[in-house]
Every structure is written in structure tokens, then in C-alpha cells.
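# Notes for the structure review
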Amino acid sequence: MENKTNMVAPPEGVSGEGFFATKLNDVVGLARANSLWPLPFATSCCGIEFMATMASHYDLARFGSERVSFSPRQADMLMVMGTISKKMAPILRQVYEQMSEPRWVIAVGACASSGGVFDTYSVLQGIDKVIPVDVYVPGCPPRPEQIVDGVMQLQELVKNESVRRRNSPEYKELLASYNL
Amino acid sequence: MSDLLLPPEHRYAKVIEERRNEDGSELSVLNLGPTHPATHGIFQNILLMDGERILDAEPTIGYIHRAFEKIAENRPFYQINVLTDRMNYCSSPINNMAWWMTVEKLLNIEVPKRAQYLRVIVMELARIADHLICNSILGVDTGAYTGFLYVFQFREKIYEIYEEICGARLTTNMGRIGGFERDWSPEAFKKLETFLHDFPIAWKEFENLFERNRIFIDRTVDVGPISAEKAMQYGFTGPNLRAAGIDYDVRKATPYSSYEDFDFDVPVGKSGDTYDRFCVRNAEVWESLKIIRQALDKLPEGAYHADVPDYYLPPKEDVYHNMESLIYHFKIVMGEVPVPVDEIYHAVEGGNGELGFYLISDGSRTPYRLKMRRPCYIYYQAYTEMIKGGMLSDAIVILSSLNVIAGELDA
Amino acid sequence: MALDTVNIQNKITETFGNSTSNFRMQRDIFCFDVDSDKAYNLVKFLKEDADLNFHFLTDLAGIHYPDNEKSQQFAVTYQLHNWIENTRIRVKTFLDGENPELKSIVDLFQCANWMEREAWDFYGIQFDGHPQLKRILNMDEMVSHPMRKEFPMEDSGRTDKDDRFFGRTS
């Protein structure tokens, strides 16, 4: 019988009888990319689409995000879905601070990316004003396919990230620019 | 020493101190929210706990306050529909239609029968989608994930129908002043028929899974009950009020969009507890299906929008080739349309209760003041009282059975 | 019907005399104005009178009229509903522009609590006797009342919007 299970392809390497040698970077990237635990920070409409993404039809679990981690400490990717008001911004920041490295952020939807249609006194004009963002998913709200695509884009990023990146001066500078 | 987290002048501090002196026991303070996973949306409650029991709660809201009413004062009538989408995003079409009906009431526009029936169909679909989310999530909160995964497939089917009608899934921006932007495609009706055939089977199974389930009954019966008088005092409307035993339904009380043509019942509960709220929503889904069936069977032929060139955008190809259409297009877009000076209140039965728009028009292209009566905002006030004396785990169940939508709560 | 507008109007003028004015039908809802010092008593009367029995507070809205004369720059409207007769009524009361003040109706309708807090938050209308009159939707630190007409809608701190691209620069 044909095996329909889709396996992750191994990274480039040298294989011989009984051994396979490759770079540590690639292995770590591979492992990280395929077990991203999301922390859904769902505030409004996009959160409902995220529910659809997690549910049976679209099933984000196929991409290694089976376990939705509601505790920031065990989460790898923070998915900010929905409008972040100025009242909410400090809380978002706190959640980000509580996450342990390595951590990634996806801004799902127009509101999280830029404030969207809500150009008002009470709405934060994009979450990149308070925390660094890795992937932006456009749409108001984005379709579940787009959210899944955003996660896949992030997987690419994660796969190719150097294990040393989080210690690099550039990264420290980035965090410092956000006062983190 | 959890009281150290509070400022010393906080009202909890005194209670904790008194209790400590009385019998030496320690009360604790628990911060529930605003990003707690079990609260769907962002609500913060600072709870005063005696072990597992909640003694007091202090709610804070406004975490996604987006200033809808302020934006509405700065946008022309046809752009406000975008805001209504994002209010109760579980049932956007109801909000859309409610807004168009308000504007039509202001402008004295008579909508053709076909458009009215189509509106009824899509509003009832939205109600099903709304109740489906609420009830399946209530299942998740009591530990039954299966029901959610099962019926959510049918929510996708509803989305597909929306997509056929207007092209969007969640924030539909459906309809125009006077009717719809286009007639429904045969594909939409086909999908609707398939839905009407398949969904009742699944919903029956969903009901069977829960309504006689021992665990579910133990978790919900007599949890967070509210009496009819209290519910009225707190301004409850919609399924939550009907669960307490009052049969007030805007669709029956002041029929709009031809609801008087359809035969349907208003299900009511008795004790107003979580179980009753669940059952009332379940029963309403059946009534909604009944209404959709009748509307489809009786759907008249005719125009899908009113003949109001002053407010209804002409077809795009006419705009390019026809002088008059171009003028109308220009006038509508630039806001040079006649608007009467008046005050209007129009209410519909939204997913959560009486959704009203109080519109003050000063004759300009934007509302002078638009006050949205958001049912969630009004009945969430009772939450504090409902959870007092209960267990912490019950507070979560009560919240999801009330179906408080953050977007509607904070506007 | 027992509760037609003429009866309501007679009953109200009988009790409140000159404090009420401007009785009118605004489409399907009967409306009138009341002096702000009598507003509480009027709502109480509407609720407790056996015939009128407006037992449900549908909505409470603040309104800002900056172009009115000083004593009428703010308004509060109460929308009440009698479910038994299925009659709605709207009561409007004008408040002073400098120092808008009104007696709270929380002891009549519990749902008025947050509605009044919202009106305070948005317009700065002071409700006397309210148990906890503080901001509800906006941040506690906010000083101004954002729904007043002079308050700008857009976020002033926004940097990514170039006004030249929106036709807003001279």
C-alpha cells in the first residue's frame, strides 16, 4: 500500500552506511520549524478565523502546531490576531517578554499589522510599535489559508535561522530598539 | 500574601484583612484575563477567591475599544457597514442588515419583497453560525472538544454560502442601501439547499451528544442562573433573556424585513441557567432552519434592490457609458445625496439580543451621532453577580454561555 | 390601545407640567424633552406608573451639540420600552455645556450603570449618585472625553501616514 504520510525531507548532508552527517544548524532548524507551538493572542475577528484554522477543515496541526500553548513560557510563536488597543498594548508586551527565546511573532490581519481601518485615538497602529514582528499576514480578516501560509512562511524563516542569531549583536540591538 | 499585589486602598484589601483577623484564613486574589485562554476574547476580572469559590469580582473592559461611534461620525452612511461587520463578528450579516434597515428607515426606502426575504435568509444563517459557535465552544469549555470539531465544518459551509453571496467569509460587508449589491447566484441557492439537507443531521447529533450527557448536565444545570426580574433589570435581551423565561423577541414584537410572513416559535427556558441558555440556542437554530426553509419556498421573483438611484450605486458598466449613471455615481461617492434631518431608532434581533442603532442625522452625509445598542455590553454587567458564590470553573462556563463577543462589548 | 401617545402625553403633562416640552413623533417612537432636574423623577414615573409601565431601559445615549447655546450643549436620551404594550418612548434632556450634570438612574435600572459610565467616559457627563463613575472603555489615564466633537478621531501620534498621499496637505 502506498504510504500517504508526508515526511519532512532531511537537510543536505553526507550519508553512508549507518550514518548521516549534516550541520547542527539545519537539524535544529528542522526540529524547530516543524514543532512551532503557537500562542494565540486572539482579540477580535481574526481570532474567529484562527478558530477555523485550528478546527477540522483547515487543521493547523498538520504543520506541527497541534499544541496550542496558552502559557507564554512554552510557546514559540506569538500569533497576534485582532485589534490591539492602546489599553491592550502593555499586556501584549508583557506576554512577549514572558516568552522564552527563541520566539517569533506573526501579526495576523490588518489591525495587528497596521491598525487597519481603525485609525483612531484608541487603537495601536500596528503591533510593531511595541514588539518586533517576523511575519505579517494581510487581510481583514485573512482567510485560514492565508494564516496557514503565514505559518509556513515563518517555518521557512525558522528553518534557515542560525542557532547563533539570538546571541548576535544585531538581535540585541533590535530588542534594545524596543526597550526589551 | 496575594493582597500585596493590590493597592492598600482597594476594596478587597479590607475584606482580606477582616477575614484574616476573624479565623486566620487567607483569601486569595486571582487575575483572570485579559488574555486568559478560557475567556474567548479579552475580558479581565480580578477575582477574590476563598479557595475555589468566587467571593467577588471586578470586571475591566475596553481592551479592544476601537471607537466605532467616533468613526461613524466621520464616515458616510455606506462606509459604516464596514464597522458593523466587526462588531459582532460571529454574525456579521445580521449587523449589516440591521444597519441598512436603519438607513432605509431614515431615507424612507421601501425594499422589494425579494430583497427582504433574501435578507431574512442570510440573517437566519448568521444566527445559526452565531449559536453554533457559542454552543460548541461551551462544549469545549466543559471538556467536550468533539462537538466543536464536528459542527465547525458546517460553519465553513455557511461561510461558503456567504462567499457565494458577497465574496467574503467573516466580515461580509453584505448588502447595500435598498437591497443587495447583486442577485444571489444559482450556486448560492444550491449550496443553501445542501446545507439545509446536511446540517440538521449533524445538529441533531450535536444535541444528542450534549443535552442528555451526564457530565454536561452536571456542569451546567443550576450554574449561573438568573431570574427573569434580574435579567430585565440588567437589560438582558435575546437568547439569554429567553432562557430566563421571557419571550421577548424583536422579530415577533416589531417585525422587520417581513418576519411577520413566517411561522416560527420563540423558544423559552425556565431557570435562566447555563443549561437553559444552551438549550434555547439549540432550539433557536431549529427555528432559524424553519424560517430559511419557508423563505426559500416562498421567495418571490422581482428586483433584489429598491429603485433608489440617489442612494444605490448604478452598475459599473453604465457608469462608463451613461451620463446619468455617472452623475449618480459621482453624487453618491461625493456625498451629495439628500438626507432628511431626523432621529431614528431601529432594532433587530441580533445573535445576542436586541441590536439597535440610534441614529441622529443632521442632513449631512455622515451621521451626527450614532449610538449602537450593543446587547453584549449591556448584559455583561450582570456577569459579576452571576459568578459570585460559584466555583472558578463555573465562571468560565457562564462566560461562554452568555456568548459575550469582545468586539461587540467594547465597540 | 390603552397606551396611545395622547394618553401618555396627558399623563406626563398632568404630573410634570411645564418641565416637559416638545412632544413629537419621530417616526415610530414618541419623544419629548424634559428639564434635566426633573429627568430622574420622570424616568421613575414612567417606570413605576401602573398604566405607563415602561419597565425596560433599552438605551441611554449621550450627545454633544457644541453649536447650541451654552445651557444646551449636551444631551442625554433615555429609550424606554414597555414590552407588554410593545410601546417605545424616548426622553431627551439637555445639559449645561460647561458642567453637564444629571442624577443617576442606576437605582431604577441596574443596566444603566455601564451606560452611564460610557456616557461619562465619552462625554464627561457627571451622573450624581452613580456608585462607581469611572472610565470604562478608555484608559484610566485619559484626560479628555473623546466623543466630544472637538476631539480628533485620528491618532495624533501616527507616523506612517504621509498626509501628502491623502490629499490633506496644502
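Residues numbered from 1 in each chain as written. Chains lettered and ligands numbered in written order. Predicted model: local features only at pLDDT ≥ 70, side-chain atom pairs only at ≥ 80, totals over all residues.

Glancing now at the overall build of chain C. A count of helices and strands for chain C gives three helices and seven strands. Ordered by position from N to C terminus, the α and β elements of chain C give α-β-β-α-β-β-β-β-α-β. Taken over the C-alpha atoms alone, chain C extends approximately 60 × 35 × 30 Å along its principal axes. Within chain C, buried positions represent 39% of all 170 residues. Long-range pairs, those at least 24 residues apart, make up 52% of the contacts in chain C between residues at least 6 apart in sequence. (Helix = DSSP H or I, 4+ residues; strand = E, 2+ residues; numbered from the N terminus. Buried ≥ 20, exposed ≤ 12 C-beta atoms within 10 Å, placed from the backbone. Contact = placed C-beta atoms within 7 Å.)

Right, let's get into the overall build of chain B. Along chain B, the regular secondary structure elements total 18 helices and six strands. Relative to its length of 411 residues, chain B is compact, with a C-alpha radius of gyration of 23 Å against a globular reference of 22 Å. Counting only C-alpha atoms and orienting by the principal axes, one finds that chain B spans roughly 85 × 50 × 35 Å. Classification of the 411 residues of chain B by burial places 55% in the buried group. (Rg over C-alpha atoms; globule rule 2.2 N^0.38 Å.)

Soluble globular proteins tend to bury their nonpolar side chains together. Of all hydrophobic cores here, the largest spans 217 residues; its most connected members are M77, L78, M79, V80 and V108 of chain A. A per-element tally of this core places helix α5 (residues 113-141) of chain B first, with 15 residues. Two domains share this core, each providing at least three of its residues, namely domain 1 (2-60) and domain 2 (108-334) of chain B. If we ignore the near neighbours within four places in the chain, the residues touching V80 of chain A are F41, L92, V105, A107, V108, A112 and I127 of chain A. (Core = buried A, V, L, I, M, F, W, Y, C linked by C-beta atoms within 7 Å. Domains from an automatic or database assignment.)

Per the domain assignment, the segments of chain B are domain 1 (2-60) and domain 2 (108-334). Taking only C-alpha atoms, the centre of domain 1 of chain B and the centre of domain 2 of chain B are 39 Å apart.

The partner chain C presents 25 residues to the 31 residues of chain B that form the contact. Mapped onto the side of chain B that touches chain C, the elements with two or more residues apiece are α2 (68-72), α9 (228-233), β4 (341-349), β5 (354-362), β6 (369-373) and α15 (375-379) of chain B. Looking at the side of chain B that touches chain C residue by residue, the class counts come to 13 nonpolar, eight polar and ten charged. (Nonpolar A, V, L, I, M, F, W, Y, C, P; charged D, E, K, R; others polar.)

All names here are of chain B. Taken in spatial order, the three strands of this open sheet run β4-β5-β6, and their pairing is antiparallel. In the strand order of this sheet, the two ends are held by β4 and β6, each with one partner. On average, each strand axis in the sheet is tilted by 10° relative to the strand beside it, whichever way the strands run. Where β5 lies against β6, five bridges are found, and the strand directions are antiparallel. In the strand pairing of β6, Y358 is matched with K371. Contacting β4 and β5, helix α4 (residues 92-107) crosses the sheet at an angle of about 150° to β4. (Pairing = 2+ DSSP bridges. Axes fitted to C-alpha atoms, helices over the stretch in contact; angles between N-to-C directions.)

Next up on the list: the interface of chain A and chain B. Size of an interface: often given as the accessible area lost when the parts come together. Listed by partner, the interface residues are 27 residues for chain A and 25 residues for chain B. When residues of the side of chain A that touches chain B are traced back to their parent elements, those giving at least two are α2 (45-54) and α3 (89-98) of chain A. Here the side of chain A that touches chain B takes four residues from α2 of chain A, the largest share from any one element. Here the residues of the side of chain A that touches chain B sort into 15 nonpolar, nine polar and three charged.

The positions UniProt marks with the feature "domain: NADH-quinone oxidoreductase subunit D" (unreviewed entry) are residues 141-410 of chain B. Helix makes up 52% of residues 141-410 of chain B and strand 9%, with an end-to-end C-alpha separation of 23 Å. (UniProt positions renumbered as here; feature names shortened; annotations may be inferred.)

So, on to the packing of helix α7 (residues 186-211) of chain B against helix α12 (residues 274-298) of chain B. All names here are of chain B. Packing of α7 against α12 brings their axes to within 11 Å, and their N-to-C directions diverge by 165°. Between α7 and α12, the crossing angle belongs to the class labelled roughly antiparallel. You can see that α7 and α12 cross each other, and the crossing is left-handed. Here α7 contributes L192, L196, P200, W203, E207 and E211 to the contact with α12, which in turn contributes C279, N282, V285, L289, I292, R293 and L296. Split into classes, the residues belonging to the contact of α7 with α12 amount to nine nonpolar, one polar and three charged. (Parallel < 35°, antiparallel > 145°, perpendicular 65-115°, else oblique. Left-handed = near helix turned anticlockwise from the far one by under 90°.)

Here we take up the UniProt feature "domain: NADH:ubiquinone oxidoreductase 30kDa subunit" (unreviewed entry) in chain C. Taken from the UniProt record, the annotation "domain: NADH:ubiquinone oxidoreductase 30kDa subunit" (unreviewed entry) applies to residues 33-155 of chain C. The span residues 33-155 of chain C is 18% helical and 28% strand by assignment, and the distance between its end C-alpha atoms comes to 36 Å.

All names here are of chain B. As for its placement among the helices and strands, Y159 is situated in helix α6 (residues 145-166). Residue classification places Y159 among the buried positions, given that 21 C-beta atoms sit within 10 Å. Between the C-alpha atom of Y159 and that of C279, which follows or precedes it by 120 residues, the distance is 24 Å.

One turn of an α-helix holds 3.6 residues; hence residues three or four places apart share an orientation. Residues and elements named next belong to chain B. A rise of 1.5 Å per residue sets the reference length of α5, with its 29 residues, at 42 Å; its end C-alpha atoms lie 42 Å apart and thus fit the reference within 8%. With 25 of 29 residues buried, α5 is to be regarded as a mostly interior element. Immediately beyond the C-terminal end of α5, within one or two residues, lies G143, with a positive phi of roughly 100°. (Expected span 1.5 Å × (residues − 1).)

Glancing now at the packing of α4 of chain B against α5 of chain B. Residues and elements named next belong to chain B. One way to put it is that α4 packs onto α5 with a least axis distance of 7 Å and a crossing angle of 140°. In terms of orientation, α4 lies oblique with respect to α5. On the side of α4, the interface is formed by S92, P93, I94 and M97, while α5 contributes R119, V122, M123, A126 and R127. Residue classes in the contact of α4 with α5 are distributed as six nonpolar, one polar and two charged.

Right, let's get into the confidence of the model for chain C. All names here are of chain C. When pLDDT is averaged across chain C, the result is 88; 92% of the residues are at 70 or more. Strand β4 (residues 74-82) holds the highest mean pLDDT among the elements of chain C, 94, whereas helix α1 (residues 5-16) holds the lowest, 89. For this predicted complex, the interface score ipTM comes out at 0.92, alongside a pTM of 0.93. (pLDDT = per-residue confidence, 0-100.)

Moving on: the pairing of strand β5 (residues 104-108) of chain A. Residue and element names in this part refer to chain A. Burial within β5 is extensive, with five of its five residues counted as buried. Judged from the five bridges that link them, strand β4 (residues 77-81) and β5 form a sheet pairing that is parallel. By the bridge assignment, V80 is partnered in β5 with A107. Considered for its hand, the β-α-β crossover made up of β4, α3 and β5 is right-handed. (Right-handed = clockwise from strand over helix to strand, strands pointing away.)

All names here are of chain A. The four strands are arranged β3-β4-β5-β6 in an open sheet whose pairing can be described as parallel. Strands at the two margins of the open sheet, each flanked by one partner only, are β3 (38-42) and β6 (135-137). Within this sheet the neighbouring strands show an average axis-to-axis angle of 20°, counted without direction. Where β3 and β4 come together, five bridges link them in parallel fashion. Residue pairing across strands places F41 opposite V80, the latter belonging to β4.

With that settled, the discussion passes to the environment of E116 of chain C. Residues and elements named next belong to chain C. Checked against the element boundaries, E116 lands in helix α3 (residues 112-123). Here the alpha-carbon distance between E116 and F94, two residues 22 residues apart in the chain, equals 15 Å. Once you skip the residues sitting within four places of it in the chain, E116 turns out to touch L60, S104, V106, F127 and H130.

In this section: α2 of chain A. Burial runs high along α2 of chain A: ten of the ten residues are buried. When α2 of chain A is considered as a whole, its buried residues turn out to be C45, C46, G47, I48, E49, F50, M51, A52, T53 and M54 of chain A.

Another point: the environment of M152 of chain A. By secondary structure assignment, the location of M152 of chain A is in helix α5 (residues 144-159). Spatially, the C-alpha atom of M152 of chain A lies 26 Å from that of F20 of chain A, the residues being 132 residues apart in sequence.

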